[in-house]
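Listed below are the residues making up each chain.
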Amino acid sequence: MVWPAQTGDPRTLKFIFNHETIIPLMIDLKNLTIKKAHEHLVKGDFSALELANAYKAEAVKRNPEINAYLEIFSDIDEQAKAADDRIKAGKADMLTGIPFAIKDIILIKGRIASGASKILENYRATYDATVIKKLKDAGVVFLGRTNMDEFAMGGSNENSAFGPVKNPHDTSRVPGGSSGGSAAAVAMDATLAALGTDTGGSIREPASFCGVVGLKPTYGAVSRFGVMAMTSSLDQVGPLAKTVEDAEIIFNTIKGRDPMDSTSFEMNETRPEKKVIGVPFDILKEGIDKDVLENFNASLEVYKKQGYTIKDIDLPMMKYSLAVYYVIVPAEVSSNTARYDGVKYGLHVDGKDLPDDYLSTRAQGFGPEVRRRIMLGTYVLSQGYYDAYYSKALKVKKLITADFNKAFQEVDAIMMPVSPTPAFKIGEKTADPISMYLADIFTVPANLAGIPAISVPSGTVNRDGKALPVGLQIIAPAFAEQVLFDLGKKFEQSRL
Ligand code: GLN
């Protein structure tokens, strides 16, 4: 006999009465994956409602400290019951009833979407992003919207207008950014999966700092319709999850050509395997934490043992990636944020006339990092500087892409660390934006080249007696996500 859900420890949701003994049946959130949860849901071991409430209980318990969620939704039960109906009707998809957290930059119709900015604090989305529509069609349960750096500008989550997120592994440290809330929520079992966005590392870096898997798909693989634009030519939506397989399941659900996003494509690049992995060793010579480098070298050994050759490759233009990125990003940010004028939506501050309305609204609505990028971007796009900075950055972007294309003629994938350091301390880099930007050195190149990259947990390094996760980054040619999944799974299996 199965007793109804109990309150209390969310991991001890059900009690089974078995030969007069009461055996607690645990929902083992720590070891749950999408596939396992799906099997349990279909078998009836637990319901979508029980599953959602187990995660919700964990979210409610941990969030006051971690601040991963900006909102935990009040209609979780209704969503979960609808999923249970579908499961009972035998119409379950792999994602039916799977709890998701959504970065607060992706629109869900009728719900607040703030971009973690004061300027959109009370803005309600009037339509679903295409990725949300696809997840709704699959029957997922949305648990809430996650904290992030304001409009995805940042790498530590300290630029949120609603307070920083703390790293669940060490609360004195950042979870990474900008999708830090999504990564922290998965890491602390406050959701089974999450969506983030990655413009220069915002999925992979927090995934690495929090010890979860994060995939930045090929530019164009996933629709950006209904996702607040940060840097339209680089932004991509992708999953944060517990395993590579989970990331693959989510990617396969959200990907595909969308008539509402003219940059989206349906493609699947298959390539004969060469069993060669490229590593740009030259880039790893300086500016990287010793323990992180050691961890990376140990990860390469895993592949050597599996018969892969590690090839030292040259990506000569990669060293310009950050310079290029921090010209292109502010340029597009300055034009993409022009829509927040206090008239169309969001915050409105009354000034003495219309221009003053704009100035007052934007001055009060945007945080310092967003204002910094708007100013830099306006500068690099202005007459006289456009050619010197912006056009030149676009040309170097092409050369960086060409370097990768050349390298991929000889290798299946390229590997490097995700970040040069493990999670840093809250406040450590806030006084010096350049030091914050330097943390993006290994993630930005894949965005500039438009190619897919995944962060897979590769163990921990010790800091102040705490084990801090780090990630291995695997980068593949455009639309060859399958290569990432295959190599990522091999890595995971070797570590079991
Ligand atoms: N840290 C990078 C930045 O500040 C990446 C942000 C992102 O990928 N959205 O721009």
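Attention in this report is confined to the structure presented alongside it.

Calculation notes
- Residues numbered from 1 in each chain as written.
- Predicted model: local features only at pLDDT ≥ 70, side-chain atom pairs only at ≥ 80, totals over all residues.
- Heavy atoms only, no water.
- Helix = DSSP H or I, 4+ residues; strand = E, 2+ residues; numbered from the N terminus.
- Rg over C-alpha atoms; globule rule 2.2 N^0.38 Å.
- Buried < 20%, exposed > 50% of the residue type's maximum accessible area, 1.4 Å probe, protein only.
- Contact = heavy atoms within 4.5 Å.
- Areas by Shrake-Rupley, 256 points an atom, 1.4 Å probe, with all protein chains shown as cover.
- Lys, Arg positive; Asp, Glu negative; His and termini not counted.
- Charge placed at Lys NZ, Arg CZ, Asp CG, Glu CD.
- Patch = residues over 30% accessible without salt bridge, like charges linked within 9 Å, V, L, I, M, F, W, Y side chains within 5 Å.
- Salt bridge = Lys/Arg side-chain N within 4 Å of Asp/Glu carboxyl O.
- Near = heavy atom within 4 Å.
- Polar contact = N/O pair within 3.5 Å; in protein donor to acceptor, adjacent residues only side chain to side chain.
- Nonpolar A, V, L, I, M, F, W, Y, C, P; charged D, E, K, R; others polar.

### Focus on the overall build of the protein chain
Per the secondary structure count, the protein chain includes 15 helices and 13 strands. Scaling as 2.2 N^0.38, a compact globule of 496 residues should have a C-alpha radius of gyration of about 23 Å, and the protein chain matches this with 22 Å. A principal-axis box enclosing the C-alpha atoms of the protein chain has dimensions of 80 × 65 × 50 Å. Out of the 496 residues in the protein chain, the part that is buried amounts to 58%. Of the contacts formed within the protein chain by residues at least 6 apart in sequence, a portion of 74% connects residues at least 24 apart. For the protein chain, the computed accessible surface area is about 19700 Å², with 55% contributed by carbon and sulfur atoms. In the protein chain, the 58 positive side-chain charges and the 61 negative ones have mean positions that sit 2 Å from each other.

### What to know about the side chain of Asp261
Residue position: Asp261 is located in the loop between helix H7 (244-254) and strand S9 (276-279). Excluding residues that lie within four positions of it along the chain, Asp261 makes contacts with Val222, Ser223, Arg224 and Phe225.

### Here's the deal with a nonpolar patch on the surface
Side chains of Val343, Leu354 and Tyr358 sit close together on the surface and give an oily, nonpolar patch of about 270 Å² of accessible area. Residue position: Val343 is located in the loop between helix H9 (321-336) and helix H10 (354-365). Assessed through its relative accessible area of 55%, Val343 is described here as exposed.

### Concerning unusual backbone geometry
Note the cis peptide between Gly177 and Ser178, where omega equals 10°. Tracing the backbone through its elements, the reader meets Ser178 in the loop between strand S5 (141-146) and helix H5 (180-187). The phi angle at Ala116 is positive, at roughly 50°, despite the residue not being glycine. Relative to the helices and strands, Ala116 resides in the loop between strand S4 (99-103) and helix H4 (130-138).

### Quick notes on the site of the ligand
The local shell around the ligand holds 15 residues, among which Thr199, Gly200, Ser202, Tyr325 and Arg373 are the closest. Contacts to the ligand include Gly154, whose backbone N or O atom sits 3.0 Å from an oxygen atom. Take Gly201: an N or O atom from its main chain is 3.3 Å from an oxygen atom of the ligand. Protein coverage of the free-state accessible area of the ligand, which is 290 Å², stands at 99%. Its residues assigned to classes, the shell around the ligand comprises five nonpolar, seven polar and three charged.

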